[in-house]
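# Observations on the three-dimensional arrangement
In case you want the letters, here they are:
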Amino acid sequence: MSAALLSSAPLSPISAPSESTRFLLPSHLKNRRRLQPSSLTRYRPGQNLGTSRPFTLRCSSTMHQSSAPSSCSQLQDSLFYSRAFWVSRSIIAWNVGAGDGECYLYASKNAALCVADGEIQGHDVKIKLERTNYGLPQQVVEKFPHIRDYTAFEVPATLNCQSLVKCQLAVGIFNSDGKCASATGLQLPGILDELFSYTGPLGAVFDTEAVSLYLWAPTAQEVRALIYKSPAEADPVEIVQLKELNGVWSVKGIRHWEGCYYVYEVSVYHPSTLRIEKCVSNDPYARGLSADGKRTLLVNLDSDDVKPEGWDNLQDEKPNLLSFSDISLYELHVRDFSANDPTVPHEFQGGYLAFTLQDSAGVKHLKRLSSAGITHVHLLPTFQFAGVEDEKHKWKHVDIEKLNSFPPDSEEQQALITAIQNEDGYNWGYNPVLWGVPKGSYASNANGPCRIIEFRKMVQALNRIGLRVVSDVVYNHINASGHFDDFSVLDKIVPGYYLRRNVDGGIENSTCVNNTASEHFMVERLILDDLKCWAVHYKIDGFRFDLMGHIMKRTMVKAKSLLNSLSKDKNGVDGPSIYIYGEGWDFGEVANSGRGINASQFNLFGSGIGSFNDRIRDALLGGSPFGHPLHQGFVTGLYLEPNGHDLGDKANVERMLAVSKDHIQVGMAANLKDFVLTNCDGEEVKGSEVLLHDRKPVGYASSPVETVNYVSAHDNETLFDIISLKTPKDISVEERCRMNHLATSVIALSQGIPFFHSGDEMLRSKSIDRDSYNSGDWFNRLDFSYNSNNWGVGLPPKEKNEWNWPLIKPRLADPSYKPQKSHILAAVENFSNLMQIRYSSPLFRLRTANSIQERVRFHNTGPSWIPGLIVMSIEDGHQGVPGLSQLDPIYSYIVVIINPGPTDVSFANPALRARSLQLHPIQMNSTDDVVKNSTYDASSGCFNVPARTTSVFVEPR
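Residues numbered from 1 in each chain as written. Predicted model: local features only at pLDDT ≥ 70, side-chain atom pairs only at ≥ 80, totals over all residues. Heavy atoms only, no water.

## Remarks on the overall build of the chain
- For the chain, the count of helices and strands is 24 helices and 38 strands.
- In terms of overall dimensions, the chain is globule-like: its C-alpha atoms have a radius of gyration of 30 Å, near the 30 Å expected for 957 residues.
- In terms of overall dimensions, the chain has C-alpha extents of about 95 × 60 × 60 Å along its principal axes.
- Counting only residues that meet the buried cut, the chain has 63% of its 957 residues in that class. (Helix = DSSP H or I, 4+ residues; strand = E, 2+ residues; numbered from the N terminus. Rg over C-alpha atoms; globule rule 2.2 N^0.38 Å. Buried < 20%, exposed > 50% of the residue type's maximum accessible area, 1.4 Å probe, protein only.)

Next up, the structure:
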């Protein structure tokens, strides 16, 4: 072997070929809305889709003289796979049989490896590996559980691994006759973590005299920074060479670099092309960008020039938050909020600054919600994402008058919208490019620091009207991969490290595309650093983790600990008040902790991290978002008002309603794993003993703050739309509106954290679009004048909804389905009243599992129940009296009765007799004349509750 390769000296840079490589489009494995087709990439072995001809392995001329071309061809293609794992300094793992022959490791600094004549050729280094008989060590199995049964091969202790990881690497097994029987590339995250884990500075670091750049890129052969004076000028004003130390490349530059732009040029071996590529990329730690997103802005977030007036003292102005149990969440998309608001100046519409206008219709609405009790606005992704150009003059538009001219059930609207959907100004944003930079399309100027200043002004303005701000973070995947795509960043810097790969070396795509691997040290570090940046530099008050189950639990626990450690004195923020929650779905390659203990609903027990409770959602609405759209649930008429969809005989449907009620009651008790209640069979069971159809537990939380209860969110149909779809056609719009109120009331009055989709309080419609991520402003409109809920604006886009068009079309065409302004106003008042009721007593916001178990009871349980009726009581103690402590100075006892049925219901219970209960004063003083007919008779303990109504009775002290 070459002495040079075994030395610690850096390898010579290799010029990359000029040809580009494109990859195949993966299938969507989940109906999740996110990415533009042009950004989805996957590699197919043996093909370079950037050209019309097959990708050819470079090798010596002997390759073409092989006597077994088919076998040789398969071995050549095998180098496109990475089926072996260099898991630690001393071990390579490979799934090969015990009887196979000798194994060798090969390295080529010029990426010239190929297979010919039964040999692996083009190598600079060939090293024999020793097969072991004891399997992989426990620490390796814990880090890589999906390869637990692989064979372990020992790497010589004298090998200079730091230099070898910069090469093209392969391993080969040889038969007894000396012919190569199998070969493959290597996956390197294990050894990179062991040798190069790093906790020092990364990104651009500013001091009084210099700007320094730091880039973690241990597999790179050369790194240069190209410095540009402006975002658009063609030629760099300076090209600087970075020097490497232990995998970190750095350079100290002049202070005048601040305000300039830069990109990295990284020469690195890329497994997708089997070449040394010269990759041009943004900085993964970018804090600013050019308008086209192709250059990183050198911006100092601590500079006074990028701070609004009063920014440093914002922590003192934030609304009080005594406990996470006091949180209520309102989910909102930045563009939805103001894109169609005529009270917002045109230049502010759809952007950050719309939140700073005190007298706009939208801000007045938010003030009303804040006054009612909403504490946090959860903003859909606001980092730099693909799918929307940052420069507004590049957007395409549809003539609104033309759209308005079509019938409510027409196909024309969606055809016009989808024709430009990848070129307009709309996307939810779940296709991240750079996690640490605010999205430029929401700023008035996407160049320079404008997006930073305006984002901060938005946070400041929301805090000042009593609303904390939650940022929706998408750390589970990135938009692009490979060496060519403009939006690929991480996979250009350290190819094959940041993205989770399968056992063949292909990128996992279960999240949508390009799953990230938080089980790798520097991926986790990037996530934690990014969270800290948003918390400290943008004063974000909470984080919602998209597909949190695809992130390791260890990462989430570290994130919570990191945020909790931030202090006002040291960091300018109150870290312990920052709440984190997310989607704890358990699927794909991480399911059942397949890649380590992941942050799924069950695994997060005891962590204090919230997860969305889909059990209460499905029980309320019926079925699931992936089931039959006419499957009814608790609030949509199951058993009590059937829509004709066949769910079996009457007894089966009644049983379904009873089980749904059990699921809801567990959810109303914060979905606690150990909460004890009487189920529909009359048995005392824990929340974890109430089971879903797949036999998984309903209850999984250890405390109320671990449960985020919701009935609708940006995914799937809006609450009003799904109710309109599932309910019988012959009921009135007034009845559907009451069902909307009823569903909202269950969430508002449950223990745990309530979560509401923006517009549910206004009967929001998307014309029954089940996936509006790219449906433009037209289908996503919010109207804060309350004149319209956006129902009947045409059939929803064909791609995700066509199979439901036969159900949707007659409903959109029927004018009786469309709510009037009076209905919308009543819905807004109803929502405000519910939130005021929630915040009128701490009994609705109990802070511990023990308090919920002691104080919350469900009545009307067991086999003799009144179908569908939920009766919940919450008891308080009395000062100076043994027993329960007193929490509420105003009310000593509360009873909540939820009647989803079409008729009035009477319910009597001896345990509720002789109390001084009366209808909550907020309901008594409301304009809802129906709820005012609710009554309680103390002598009999009998309650009467009108149809489709939630009544709250309180016992004043």
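Okay, back to it.
## Focus on the packing of helix 15 (residues 614-621) against helix 16 (residues 650-668)
- The geometry of helix 15 relative to helix 16 is characterised by a closest axis approach of 8 Å and an angle of 140° between their N-to-C directions. By the angle between their axes, helix 15 is oblique relative to helix 16. Regarding helix 15 and helix 16, the two cross each other, and that crossing is left-handed. Side by side, helix 15 and helix 16 meet where Ile616, Ala619 and Leu620 of the first sit next to Ser660, His663, Ile664, Gly667 and Met668 of the second.
- Of the residues that constitute the contact of helix 15 with helix 16, the class distribution is 5 nonpolar, 3 polar and no charged. (Axes fitted to C-alpha atoms, helices over the stretch in contact; angles between N-to-C directions. Parallel < 35°, antiparallel > 145°, perpendicular 65-115°, else oblique. Left-handed = near helix turned anticlockwise from the far one by under 90°. Contact = heavy atoms within 4.5 Å. Nonpolar A, V, L, I, M, F, W, Y, C, P; charged D, E, K, R; others polar.)

## Observations regarding the pairing of strand 9 (residues 180-187)
- Strand 9 sits mainly inside the fold: 6 of its 8 residues count as buried.
- Pairing geometry for strand 1 (residues 84-88) and strand 9, over 2 bridges, is parallel. When the bridges of strand 9 are listed, Ala84 appears paired with Leu186.
- In sequence, strand 8 (residues 168-174) turns back onto strand 9 through a hairpin of 5 residues, with Gly178 there showing a positive phi of about 85°. (Pairing = 2+ DSSP bridges.)

## Here's the deal with the sheet that holds strand 33 (residues 891-899)
- The antiparallel open sheet is built from 5 strands, whose spatial order is 31-32-33-38-35. Every interior strand has two partners, whereas the edge strands, strand 31 (856-859) and strand 35 (918-919), have only one.

## Notes on the side chain of Arg811
- Within the secondary structure layout, Arg811 lies in helix 21 (residues 805-813).
- Buried Arg811, no salt bridge; nearest opposite-charge side chain is Asp814, N-O distance 8.7 Å. (Lys, Arg positive; Asp, Glu negative; His and termini not counted. Salt bridge = Lys/Arg side-chain N within 4 Å of Asp/Glu carboxyl O.)

## Examining the packing of aromatic side chains
- Within this structure, the stated rule accounts for 33 aromatic pairs.
- The interplanar angle of 5° and the centroid separation of 5.8 Å between the aromatic rings of Trp791 and Tyr817 together place this pair among those described as stacked. Of this pair, Trp791 sits in the loop between helix 19 (776-780) and helix 20 (798-801) while Tyr817 sits in the loop between helix 21 and helix 22 (821-838), placing them 26 residues apart in sequence.
- Its relative accessible area of 1% is what places Tyr817 among the buried residues.
- Ring geometry for Phe943 against Phe953: centres 5.0 Å apart, planes inclined by 65°, an arrangement best described as edge-to-face. Residue Phe943 is found in strand 37 (residues 942-945), and its partner Phe953 is found in strand 38 (residues 949-956); the two are separated by 10 residues along the sequence.
- Classification of Phe953 by relative accessible area gives buried; the value is 1%.
- Each member of the aromatic cluster is reached from another via a ring pair, and the members are Phe324, Tyr579, Tyr581, Phe612, Tyr710 and Phe755.
- Taking NZ or CZ as reference, Arg456 lies 5.3 Å from the ring centre of Tyr538, over its face. (Phe/Tyr/Trp six-rings, centres within 6.5 Å; stacked < 30°, edge-to-face > 60°. Lys NZ or Arg CZ within 6 Å of the ring centre and 35° of its normal.)

## Describing the pattern of salt bridges
- Going through the model one piece at a time under the given rule, you end up with 44 salt bridges.
- We note a salt bridge from Glu524 to Arg554, for which the minimum N-O separation is 2.9 Å. Separated by 30 residues along the polypeptide, Glu524 in helix 12 (residues 521-537) and Arg554 in helix 13 (residues 553-564) bring together distant segments of the chain.
- Exposure remark for Arg554: the relative accessible area of 40% places this residue in the partly exposed category.
- Salt bridges sharing common partners tie together Asp472, Arg544, Asp546 and Glu583.

## Some details on the nonpolar core
- Residues Trp86, Leu105, Trp216, Phe543 and Phe545 are the most contacted members of the largest nonpolar core, which totals 216 residues.
- When residues in this core are grouped by element, the largest group, 10 residues, is from helix 12. (Core = buried A, V, L, I, M, F, W, Y, C linked by side-chain atoms within 4.5 Å.)

## Considering the sheet that holds strand 36 (residues 935-937)
- Across the sheet, 3 strands lie side by side as 34-37-36; this open sheet has antiparallel pairing. The open sheet terminates on both sides in strands that have one partner only, identified here as strand 34 (905-908) and strand 36. The sheet shows a mean angle of 15° between the axes of neighbouring strands, direction not considered.
- Across 4 bridges, strand 34 lies against strand 37 in antiparallel orientation. Bridge pairing links Val905 to Val945 in strand 37.

## Re the pairing of strand 11 (residues 210-216)
- Among the 7 residues in strand 11, 6 count as buried, and that is most of the element.
- Inspection of the sheet shows strand 10 (residues 203-206) paired to strand 11 by 4 bridges, in the antiparallel sense. Residue pairing across strands places Phe206 opposite Val211, the latter belonging to strand 11.
- Taken together, strand 10 and the strand that follows it, strand 11, pair antiparallel across an intervening segment of 3 residues.
- The sheet contact formed by strand 11 and strand 15 (residues 248-254) spans 7 bridges and is antiparallel. Bridging across to strand 15, Ser212 finds its partner in Lys252.

## Overview of helix 17 (residues 719-726)
- With 8 of its 8 residues buried, helix 17 lies for the most part within the structure.
- Here helix 17 has its buried residues at Leu719, Phe720, Asp721, Ile722, Ile723, Ser724, Leu725 and Lys726.
- The inward-facing, buried residues of helix 17 contact helix 15, helix 18 (733-748) and helix 21.

## With respect to the state of the cysteines
- Taken as a whole and assessed by the stated rule, the structure comprises 0 disulfides.
- Unpaired in terms of disulfides, Cys180 finds its nearest cysteine sulfur in Cys103, a separation of 9.5 Å.
- For Cys180, a relative accessible area of 7% translates into the label buried. (Disulfide = S-S within 2.5 Å.)

## Structural notes on unusual backbone geometry
- Of note in this structure, Asn514 is not a glycine but carries a positive phi near 55°.
- Tracing the sequence through the fold places Asn514 in the loop between helix 11 (490-493) and helix 12.
- Even without glycine at this site, Asn790 takes up a positive phi of about 80°.

## Considering the side chain of Arg617
- As for its position among the elements, Arg617 is in helix 15.
- Not counting chain neighbours up to four residues away, the residues in contact with Arg617 comprise Gly622, Pro625, Tyr710, Val711 and Asn716.

## Here we look at the environment of Asp390
- Secondary-structure assignment places Asp390 in the loop between strand 21 (383-385) and helix 8 (400-404).
- Among the residues examined, Asp390 registers a relative accessible area of 4% and is labelled buried.
- Along the backbone, Asp390 and Gly644 are 254 residues apart, and their C-alpha atoms lie at a distance of 48 Å.
- Other than its neighbours up to four places away in sequence, Asp390 contacts Ser290, Ala291, Gln384, Lys439, Gly440, Ser441, Ala446 and Arg451.

## Quick word on the confidence of the model for the chain
- Chain-level statistics for the chain give a pLDDT mean of 92 and a share of 92% at 70 or above.
- Of all helices and strands in the chain, the one with the weakest mean pLDDT is helix 1 (residues 3-6) (36), whereas strand 19 (residues 329-332) scores best (99).
- Within the model, the stretch residues 1-70 combines pLDDT values under 50 with 177 contacts to residues more than four positions away or in other chains. (pLDDT = per-residue confidence, 0-100.)

## Some details on the environment of Thr636
- Positionally, Thr636 belongs in the loop between helix 15 and helix 16.
- In the structure, Thr636 is positioned 91 residues away from Thr727 in sequence and 5.5 Å away in space, judged by C-alpha atoms.
- Once you skip the residues sitting within four places of it in the chain, Thr636 turns out to touch Leu620, Leu621, Ile723, Lys726, Thr727 and Met739.
- Within the local environment of Thr636, its side chain forms a polar contact with the backbone oxygen of Leu621, the two atoms lying 2.9 Å apart.
- Reaching out from Thr636, the side chain makes a polar contact with the backbone nitrogen of Gly633 at a distance of 2.6 Å. (Polar contact = N/O pair within 3.5 Å; in protein donor to acceptor, adjacent residues only side chain to side chain.)

## Here we look at the packing of helix 17 against helix 18
- Relative to each other, helix 17 and helix 18 sit at 125°, their axes nearing to 10 Å. With respect to helix 18, the element helix 17 is oriented oblique. For the crossing formed where helix 17 meets helix 18, the hand is right-handed. Between helix 17 and helix 18, the contacting residues are Leu719, Phe720, Ile723 and Ser724 on the first element and Val733, Arg736, Cys737, Met739, Asn740, Ala743 and Thr744 on the second.
- Partitioning the contact of helix 17 with helix 18 into residue classes produces 7 nonpolar, 3 polar and 1 charged.

## Quick word on the environment of Asn613
- Mapping Asn613 onto the fold places it in strand 26 (residues 610-613).
- Contacts of Asn613, omitting those with residues within four sequence positions, involve Gly667, Asn671, Tyr700, Thr707, Val708, Asn709 and Tyr710.

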